[in-house]
Amino acid sequence: MQVFAYAVGGWLVLVGAAGIVRSHHLVHTVVSLSVAQAGTYVFLLAVGFQWNAVAPVFSTRTETHRAVVDPVVQAMTLTDIVVSATVTALLLALAVQIQKRHGTVDPDELRALKG
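What you see is a predicted model, and the numbers here were worked out from it, not measured in a lab.

Cut-off values and rules
- Residues numbered from 1 in each chain as written.
- Predicted model: local features only at pLDDT ≥ 70, side-chain atom pairs only at ≥ 80, totals over all residues.
- Heavy atoms only, no water.
- Helix = DSSP H or I, 4+ residues; strand = E, 2+ residues; numbered from the N terminus.
- Expected span 1.5 Å × (residues − 1).
- Buried < 20%, exposed > 50% of the residue type's maximum accessible area, 1.4 Å probe, protein only.
- Contact = heavy atoms within 4.5 Å.
- Polar contact = N/O pair within 3.5 Å; in protein donor to acceptor, adjacent residues only side chain to side chain.
- Lys, Arg positive; Asp, Glu negative; His and termini not counted.
- Salt bridge = Lys/Arg side-chain N within 4 Å of Asp/Glu carboxyl O.

> Can you tell me about helix 3 (residues 71-102), naming the residues and giving the values?
Between its first and last C-alpha atoms helix 3 spans 46 Å; for 32 residues at 1.5 Å apiece the expected length is 46 Å, and the two agree. Inspection of helix 3 places Val-73, Thr-77, Asp-80, Ser-84, Thr-88 and Ala-95 among the buried residues, and these make up the whole buried set. In this structure, the buried side of helix 3 is in contact with helix 2 (26-48). The N-cap of helix 3, judged by a side-chain oxygen 3.3 Å from the amide nitrogen of Val-72 a few residues on, is Asp-70. The first or second residue beyond helix 3 is Gly-103, which carries a positive phi of 75°.

> Which residues make up the environment of Val-3, and what are the values?
Mapping Val-3 onto the fold places it in helix 1 (residues 2-22). Placed 43 residues apart in sequence, Val-3 and Ala-46 show a C-alpha to C-alpha distance of 8.5 Å.

> Account for the side chain of Asp-80, with residues named and values stated.
Note that Asp-80 resides in helix 3. In this structure Asp-80 is buried but unpaired, with Arg-22 as the nearest side chain of opposite charge at 24 Å. There is a polar contact of 2.6 Å between the side chain of Asp-80 and the side chain of Thr-40. For Asp-80, the contacting residues outside a window of four places in its chain are Gln-37, Thr-40, Tyr-41 and Leu-44.

Here's what the structure looks like:
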């Protein structure tokens, strides 16, 4: 099961990177970046996954020799989601401003602009 999660995460990163490279539209580039970032969520969750593990909540009645899931990986995944949502919003706002100022969102046409 873990190998499948790594394969899906790698596939998402590769598809997102290919979309970024082949894109001729800034919004398509931002969406491709979001797909690649989704692959990082899968990678992080695959790293923190353990079979038959419980939440790391301890009390006097719990067994002390039972496997627990590392909460740091889950916190990193949530942080990654928040950061990627912020980056996506910023990039989409920049794409809107580029469209307003230059009348195009094609990166090849924007390269000809100077100053």
